[in-house]
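Each chain, written out:
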Amino acid sequence: MAAIPITRSISIDSDELVESFTRASGPGGQHVNTTDSAVLLRFDVAASPNLPEAVKNRLAELAGSRMTREGVLVLRSEGARSQLLNREEVRERLVALIREATFVPRKRKPTKPSRAAKARRVDEKKGRSAVKAGRGKVRFE
């Protein structure tokens, strides 16, 4: 039951991760047809006792379609020909995703444009209007 450190205060147990191995698609010759080098990692976010509720909510938002309805995060890696490298890569991606979910986004402070900015905008609109008005038909009277 080795702990995987995420931040100073958050770590997850490796027992919470379920890894399964399948055959990878793509190039690799005869080797690709004989070895299970692709890694499918499942992490039950909803049942994890080590993650705070706020992190779980942000993680669900960040994960998008990689999160099931039951709250299980599913990640797949098949980039390397080696199962070991794919396991390391998928675990690194999981840790990076959870770390990203630990950051609290700053609240946006709504601001109003300054009087000078409004004046510049109106002046630009008037200028464009004059340019377009000058493109009309020329009338000879």
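Throughout this description, residue numbers start from 1 for each chain and increase along the sequence as written. pLDDT decides what is reported in this predicted model: residues at 70 or higher carry local features, side-chain atom pairs at 80 or more are listed and counted, and totals for whole chains, interfaces and linings draw on all residues regardless. Note that water and hydrogens are dropped before the side-chain values are worked out from all heavy atoms of the structure.

Q: For helix H2 (residues 83–102), give the residues involved together with the corresponding values.
A: If you check H2, its first and last C-alpha atoms are 29 Å apart, about what 20 residues at 1.5 Å a residue would give, namely 28 Å. Buried means the residue's accessible area, taken with a 1.4 Å probe over protein chains only, is under 20% of the maximum for its type, while exposed means over 50%, and partly exposed covers the values in between. Every helix listed is a DSSP run of H or I at least four residues long, and every strand listed is a run of E at least two residues long, numbered separately from the N terminus. Those residues of H2 that sit buried are Asn86, Val90, Leu94, Val95, Leu97, Ile98, Ala101 and Thr102. Contacts are assigned to residue pairs with any non-hydrogen atoms lying within 4.5 Å of each other. Of the surrounding elements, those touching the buried residues of H2 are strand S1 (3–5), strand S2 (11–13), strand S3 (17–22), strand S4 (38–44), helix H1 (53–63) and strand S5 (72–77). The definition of a polar contact used here is a pair of N or O atoms within 3.5 Å, where within protein one atom must be able to donate a hydrogen and the other to accept one, and adjacent residues in sequence count solely through side-chain atom pairs. Where H2 begins, the side chain of Ser82 points an oxygen toward the backbone nitrogen of Leu84, at a separation of 3.2 Å. Helix span is expected to be 1.5 Å times the residue number reduced by one.

Q: Break down a positive patch on the surface for me, citing the residues and quoting the values.
A: Note that patches include only residues with greater than 30% relative accessible area and no salt bridge, and the join distances are 9 Å for like charges and 5 Å for nonpolar side chains (Val, Leu, Ile, Met, Phe, Trp, Tyr). Here the Shrake-Rupley method, with its probe set to 1.4 Å, supplies the accessible areas, and only the displayed protein chains count as covering residues. The salt bridge definition used is simple: a Lys or Arg side-chain nitrogen within 4 Å of an Asp or Glu carboxyl oxygen. Charged-residue counts in this description rest on Lys and Arg as positive and Asp and Glu as negative, His and the chain ends being excluded. A charge is said to be at NZ when it belongs to Lys, at CZ for Arg, at CG for Asp and at CD for Glu. Residues Lys112, Arg115, Lys118, Arg121 and Lys125 make up a contiguous surface patch of positive charge. A residue is classified by how much of its surface remains accessible, and Lys125, at 52% relative accessible area, is exposed.

Q: A description of the pattern of salt bridges should follow, citing residues and the corresponding values.
A: Per the counting criterion, the structure on display carries four salt bridges. Residues joined in a network through salt bridges with shared partners are Glu19, Arg87 and Arg91.

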